[in-house]
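Take a look at the letters that make up each chain.
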Amino acid sequence: MEKNSNFHSHCTFCDGRSHPEDFIRFAIANKFRAYGYSSHSPLPFDTFWNMSKEDLPEYIEEINRLKHKYAETIEIYLGLEIDYLDKTYNASTEYFQSMPLDYSISSIHFLQWQEPLLEENMVCIDGSYTDFENGVNKHYGGSIRRITEHFFESSVSMIESGGFDIVGHIDKIYMNGSRHPDFDIHADWYRKPFLGLLDLIAEKGFIVEVNCKNKTKKGQTYPHIESYGELKKRHIPVMVNSDCHYPDLVNDGREDTLALLKNAGYHTIRELINGKWEDVEI
């Protein structure tokens, strides 16, 4: 059985840079066993990176078309990356639960600093550092600790709400946070809520993706490489995803990340095989 797979990817239905079929062609050329599409879900406000509600039926139709076309060559899965915004807008709501998805990823890209759910009432933690820093200064009094605490509080609410399969880039706050002079991944104010979040994930039984999008470019994975041992200690199942937006990055950073997981004591990763979650040997 071929071992390559990827279940976190974006295409032109959201902020990906190529059509869905281009990604499958790359995956097939690189002997992938399975490939999952997870375009950014619609939001209650418009952004440049999220799919619109109007385009969702076409997205579902196109991925199902590709499933049928390449059924003899590769397993294709229909997913979404669903933003957790608050208790009223997340993967557990009827809107998302009614969709014919094979799986879903739940992630945090925005932190809401005031109601209602409008883009101007959000701080984006996954954009440019300049925008992130402006948000910290404007809405958190310049305190990287306060926004980090908010991120983990929101993450706990996301896990408790449920309704999804995979926790996406679990500690993405450190991507921009690590550039702030007061940030410290080893400080109690970071470490305690992060480990508490892992305890909750272990209790609920979710899969944690090890997101290797920035492994080659920045030497970073989400969760942080130092945390693999903590995930293993809690017997949390993991999978490796590239979070690709370009076809030639479908497999980027995967082999290096798998080796790091193996060094941390992992012998298997979790994947969809014939529509069921199974553990696959690294």
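Below is a summary of the structure that appears in this document. Remember, it's a predicted structure, so these values are computed and weren't measured experimentally.

For the rest of this paragraph, the subject is the nonpolar core. Membership of the largest hydrophobic core comes to 82 residues, with the highest contact counts inside it found for Tyr-35 and Tyr-59. The leading source of residues in this core is helix H7 (residues 188–204), at 8 residues. By size, the runner-up hydrophobic cluster in this structure holds 9 residues, among which are Ala-34, Tyr-77, Ile-105 and Leu-272.

Reading across from one edge, E1-E2-E3-E4-E7-E8-E9 is the order of the 7 strands in this open sheet, with parallel pairing throughout. Each end of this open sheet is capped by a strand with a single partner; those strands are strand E1 (4–6) and strand E9 (238–241). Sheet topology note: the strand E2 (residues 32–40)/strand E3 (residues 75–83) ladder contains 7 bridges and is parallel. The residue of E3 that forms the bridge with Tyr-35 is Ile-76. Packing against the sheet, helix H2 (residues 56–69) makes contact with E2 and E3, and its axis sits at approximately 155° to E3.

Below, the discussion takes up the pattern of salt bridges. Any two side chains of opposite charge can pair, given that their charged atoms come close. Evaluation of the coordinates by the stated rule reveals 16 salt bridges. One salt bridge connects Asp-22 with Arg-25, and the closest N-O pair in it is separated by 3.8 Å. Separated by 3 residues within a single helix, Asp-22 and Arg-25 lie in helix H1 (residues 20–29), roughly one turn from each other. A relative accessible area of 25% places Asp-22 in the partly exposed class. By relative accessible area, Arg-25 is classed as partly exposed at 47%. Note that Arg-145 is salt-bridged to Glu-149, the shortest N-O span being 3.0 Å.

Mapping His-139 onto the fold places it in helix H4 (residues 129–139). A polar contact of 3.4 Å, which involves the side chain of His-139, links it to the side chain of Trp-113. In contact with His-139, other than residues within four places in its own chain, are Trp-113, Val-123 and Arg-146.

As a further point, take unusual backbone geometry. The omega angle of the peptide bond from Glu-115 to Pro-116 is 0°, so this bond is cis rather than trans. Its place among the elements puts Pro-116 in the loop between strand E5 (110–112) and strand E6 (122–124). The amide bond that connects Tyr-222 to the next residue, Pro-223, takes the cis arrangement and shows omega of 15°. Looking at the secondary structure, you find Pro-223 in the loop between helix H8 (215–218) and helix H9 (228–233). We note that His-235 has phi near 60°; this positive angle belongs to a residue other than glycine.

Another point: the side chain of His-224. Looking at where His-224 falls in the secondary structure, it is placed in the loop between H8 and H9. Each residue touching His-224, except ones within four places of it in the same chain, is listed here: Asp-171, Tyr-174 and Ile-185.

In an α-helix there are 3.6 residues to a turn, and that puts residues three or four apart on one side. Here helix H5 (residues 144–161) spans 26 Å end to end across 18 residues, near enough to the 26 Å set by a 1.5 Å rise per residue. Of all the residues in H5, the buried ones are Ile-144, Ile-147, Thr-148, His-150, Phe-151, Phe-152, Ser-154, Ser-155, Ser-157, Met-158 and Ile-159. Remark: Gly-162 follows H5 within two positions and exhibits a positive phi of approximately 70°.

A few words on the pairing of E3. Taken across its 9 residues, E3 has 9 buried, putting it largely inside the fold. Side chains Glu-75, Tyr-77, Gly-79, Glu-81 and Asp-83 of E3 all project onto a buried face; the interleaved residues Ile-76, Leu-78, Leu-80 and Ile-82 project onto the opposite face, where all are buried too. In this fold, the crossover linking E2 to E3 by way of H2 has right-handed handedness. As paired strands, E3 and strand E4 (residues 103–107) are joined by 5 bridges and run parallel to one another. Bridged to Glu-81 within E4 is Ile-105.

What follows is about the pairing of strand E11 (residues 276–281). Walk down a regular strand and you will see the side chains alternate between the two sheet faces. Pairing geometry for strand E10 (residues 268–273) and E11, over 6 bridges, is antiparallel. Pairing of Ile-273 across the sheet is with Lys-276, part of E11. The hairpin turn running from E10 into E11, its antiparallel successor, is 2 residues long, and Asn-274 in that turn takes a positive phi close to 50°.

Parameters at a glance
- Residues numbered from 1 in each chain as written.
- Predicted model: local features only at pLDDT ≥ 70, side-chain atom pairs only at ≥ 80, totals over all residues.
- Heavy atoms only, no water.
- Core = buried A, V, L, I, M, F, W, Y, C linked by side-chain atoms within 4.5 Å.
- Buried < 20%, exposed > 50% of the residue type's maximum accessible area, 1.4 Å probe, protein only.
- Helix = DSSP H or I, 4+ residues; strand = E, 2+ residues; numbered from the N terminus.
- Pairing = 2+ DSSP bridges.
- Contact = heavy atoms within 4.5 Å.
- Axes fitted to C-alpha atoms, helices over the stretch in contact; angles between N-to-C directions.
- Salt bridge = Lys/Arg side-chain N within 4 Å of Asp/Glu carboxyl O.
- Polar contact = N/O pair within 3.5 Å; in protein donor to acceptor, adjacent residues only side chain to side chain.
- Expected span 1.5 Å × (residues − 1).
- Right-handed = clockwise from strand over helix to strand, strands pointing away.

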